Amino acid sequence: MDIRSMYYDELNEYILSLGLPAYRTKQVFEWMHKKYIGSVDDMTNLPKTLRKKILRDGFISLEIETKQVSKIDGTVKYLFKLYDGQMIETVFMRYSYGNSICISSQAGCRMGCRFCASTIGGLVRNLYASEMLEQIYAVMRDTGERISNVVIMGTGEPLDNYDNLIRFIRLITDERGYNLSGRSITMSTCGIVPNILKLADEDLAITLAISLHAPNDKKRRKLMPIANTYSISEIIDACKIYFEKTGRRITFEYSLVKGENDSAEDAYELAGLLAGLNCHVNLIPVNKIEERNFSRSDDYSIQKFKLGLEKNSINVTIRKSVGSDIDAACGQLRRKHMVNKVEGSL
Ligand code: SAH
């Protein structure tokens, strides 16, 4: 059992099955999702016997393994230890419009994108809804600040962990709990088409971000193995349906890799692909990772690429890099931890 992953009604059933009155459900739910406590002992208005029972039946909270604070911009990067010793990373960012958090959806990843550090060790396991929630709650406990924006862009492919993802989103948006608006959540996917279509029917109104990274299938296949399974045109069709059903504008992420996907022709081809779509392109100058032989596009090419899209009336921004002094980019901290552990044991 995993009490923090339970929907309100499931929790209620559990409480009633213990022969307890229904008002205890509200109390327990609020302790977990409104006051985001880290320890069962903090549920001070509950009888000790109930606290013990909850603890025995499975109460998940995350432990901070390491924490790094950027001297440049105050970004905080956490490495959290899960109950089974696995590590995941979470990044906390302060912006003028509010605090934002980037959470992981899996320990490791099996998508194999060539420029991504998170996939190098493969997938270890899916995260439970409680472990996704706890990344947010544990950071708020630590910083004492409220989080108003959640991006699911850390380690893992969220649509490869579909059921737990949906459970997480329904719980974090529950009015009886943290009550975050779906509009404040962005989920990034490499493009698992059937699950994009499923998501469109969940009535969640979150922002969908698609990791596109190439203007055609041939180039995309060189960077992302998932492109062998789903074509760009299938992805775009799914995005259109998502937009029709949710009214949410789609974001396309495009990591610029020098000499691979950053030419003026690439920009032109991309503009043609996205013409007429209600979308926004977020350019990410690729972050160098040690294990891979890719370089970041130079500033001139990045600006030229951006202009190429703008000339064709595509909305485009360049992602601002934060926390560059603390390995905050794309799976680097978890990776470093794994490498150190292996080296330490040799
Ligand atoms: N599995 C999800 C979330 C991945 S991380 C997805 O594929 O969308 C979020 C974004 O960072 C993705 O667009 C991913 O492709 C990108 N990314 C991963 N490693 C990167 C790197 N080294 N440099 C720039 N972007 C990277």
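This is a predicted model, so every value here is computed, not measured.

K.L.:
Could you give an account of the overall build of the protein, naming the residues involved and the relevant values?
P.N.:
From N to C terminus, the protein includes 11 helices and 12 strands. The C-alpha atoms of the protein give a radius of gyration of 21 Å, which matches the 20 Å a tight globule of 346 residues would have. Projected onto its principal axes, the C-alpha positions of the protein cover 65 × 50 × 40 Å. For the protein, with 346 residues in total, the buried portion stands at 55%. A separation threshold of at least 6 residues defines the contact pool for the protein, and within that pool the share at least 24 residues apart is 66%. Of the roughly 15600 Å² of accessible surface on the protein, a fraction of 48% belongs to carbon and sulfur atoms. One way to put it: in the protein the 47 positive side-chain charges average out to a point 2 Å from where the 43 negative ones average out.

K.L.:
Describe the environment of phenylalanine 59, naming the residues involved and giving the relevant values.
P.N.:
With respect to the element layout, phenylalanine 59 can be found in the loop between α3 (48–58) and β1 (63–69). Sequence separation between phenylalanine 59 and serine 5 is 54 residues; the distance between their C-alpha atoms is 9.1 Å. Leave out the neighbours within four places in its chain, and phenylalanine 59 touches Arg4, Met32, Ile37, Gly38, Ser39, Val40, Met43 and Ile54.

K.L.:
Run through the packing of aromatic side chains, naming residues and quoting values.
P.N.:
The full count for this structure, using the stated rule, is eight aromatic pairs. Relative to phenylalanine 29, the ring of tyrosine 8 has its centre 5.0 Å away and its plane inclined at 65°; by these criteria the two rings are edge-to-face. Placement of tyrosine 8 in helix α1 (residues 8–17) and of phenylalanine 29 in helix α2 (residues 23–33) is noted, with a sequence separation of 21 residues between them. Its relative accessible area of 16% is what places tyrosine 8 among the buried residues. Taking the relative accessible area as the measure of exposure, phenylalanine 29 reaches 0% and is therefore buried. For the ring pair tyrosine 36 and tyrosine 137, a centre distance of 5.9 Å and an interplane angle of 25° mean the geometry is stacked.

K.L.:
So, the domain arrangement of the protein: which residues are in play, and what are the values?
P.N.:
Domains assigned within the protein are domain 1 (3–58) and domain 2 (63–345). Computed from C-alpha coordinates alone, the two centres of domain 1 and domain 2 are separated by 33 Å. Contact with domain 1, which involves 15 residues of that partner, is made by 16 residues of domain 2. Buried surface at the junction of domain 1 and domain 2, summed over both partners, amounts to about 1400 Å²; 59% is from carbon and sulfur atoms. Seen at the junction of domain 1 and domain 2, the total is two salt bridges.

K.L.:
Which residues make up the site of the ligand, and what values do they have?
P.N.:
Around the ligand there are 17 residues in total, and Phe115, Ser188, Ser211, His213 and Asn287 lie nearest to it. Contact distances for the ligand include 3.3 Å between an oxygen atom and a backbone N or O atom of cysteine 190. Residue glutamate 253 places a side-chain N or O atom 3.3 Å away from an oxygen atom belonging to the ligand. Isolated, the ligand exposes 530 Å² of accessible area, and the fraction of that covered by the protein chains is 96%.

K.L.:
How would you summarise the packing of helix α6 (residues 193–200) against helix α8 (residues 232–246) if you had to cite specific residues and measurements?
P.N.:
Interaxial distance between α6 and α8 falls to 9 Å at its minimum, and their mutual angle equals 5°. Classified by the interaxial angle, the pair formed by α6 and α8 is roughly parallel. Where α6 abuts α8, its residues Val193, Ile196, Leu197, Leu199 and Ala200 lie against Glu234, Ile235, Ala238, Ile241, Tyr242, Lys245 and Thr246. The residue makeup of the contact of α6 with α8, split by class, is nine nonpolar, one polar and two charged.

K.L.:
Any chance you could break down the nonpolar core for me, citing the residues and the numbers?
P.N.:
Counting 96 residues, the largest nonpolar core has Met43, Ile54, Ile136, Val150, Phe168, Phe252 and Leu274 as the members making the most contacts within it. Looking at which element gives the most residues to this core, the answer is helix α4 (residues 129–143), with eight residues. Residues lining this core come from more than one domain, with at least three contributed by each of domain 1 (3–58) and domain 2 (63–345). If we skip the residues at most four places from it in the chain, leucine 274 touches Leu212, Ile236, Phe252, Cys279, Val281 and Ile314. The next biggest cluster of nonpolar side chains, apart from the first, holds five residues, and it includes Val91, Met93, Cys102 and Val151.

K.L.:
Help me get a handle on the pattern of salt bridges, residues and values and all.
P.N.:
What the rule picks out here adds up to 19 salt bridges. Residue aspartate 174 pairs with arginine 176 through a salt bridge whose shortest N-O separation is 3.1 Å. What you see here is one network of salt bridges that share partners, running through Arg4, Glu134 and Arg141.

K.L.:
Go over the packing of α1 against α2 with me, naming the residues and quoting the values.
P.N.:
Direction vectors running N to C along α1 and α2 enclose 130°, while the axes themselves pass 9 Å from each other. In terms of orientation, α1 lies oblique with respect to α2. The two elements α1 and α2 cross, and the hand of that crossing is right-handed. Contacts from Tyr8, Leu11, Asn12 and Ile15 in α1 reach Arg24, Thr25, Lys26, Val28, Phe29 and Met32 in α2. The residue inventory of the contact of α1 with α2, partitioned by class, reads six nonpolar, two polar and two charged.

K.L.:
If you had to explain α1 to someone new, which residues and values would you point to?
P.N.:
Listing the buried residues of α1 in full gives Tyr8, Leu11, Tyr14 and Ile15. Projected down its long axis, α1 carries its buried residues within an arc of 120°, all on one side. Relative to its buried face, α1 has exposed residues pointing more than 90 degrees away, namely Asp9, Glu13 and Ser17. Each element contacted by the buried residues of α1 is listed here: α2 and α3. Glycine 19, located one to two residues past α1, shows a positive phi value of around 80°.

How each quantity is defined
Residues numbered from 1 in each chain as written. Predicted model: local features only at pLDDT ≥ 70, side-chain atom pairs only at ≥ 80, totals over all residues. Heavy atoms only, no water. Helix = DSSP H or I, 4+ residues; strand = E, 2+ residues; numbered from the N terminus. Rg over C-alpha atoms; globule rule 2.2 N^0.38 Å. Buried < 20%, exposed > 50% of the residue type's maximum accessible area, 1.4 Å probe, protein only. Contact = heavy atoms within 4.5 Å. Areas by Shrake-Rupley, 256 points an atom, 1.4 Å probe, with all protein chains shown as cover. Lys, Arg positive; Asp, Glu negative; His and termini not counted. Charge placed at Lys NZ, Arg CZ, Asp CG, Glu CD. Phe/Tyr/Trp six-rings, centres within 6.5 Å; stacked < 30°, edge-to-face > 60°. Domains from an automatic or database assignment. Buried area = accessible area lost by both parts, 1.4 Å probe. Salt bridge = Lys/Arg side-chain N within 4 Å of Asp/Glu carboxyl O. Near = heavy atom within 4 Å. Polar contact = N/O pair within 3.5 Å; in protein donor to acceptor, adjacent residues only side chain to side chain. Axes fitted to C-alpha atoms, helices over the stretch in contact; angles between N-to-C directions. Parallel < 35°, antiparallel > 145°, perpendicular 65-115°, else oblique. Nonpolar A, V, L, I, M, F, W, Y, C, P; charged D, E, K, R; others polar. Core = buried A, V, L, I, M, F, W, Y, C linked by side-chain atoms within 4.5 Å. Left-handed = near helix turned anticlockwise from the far one by under 90°. Arc of directions from axis to C-beta.

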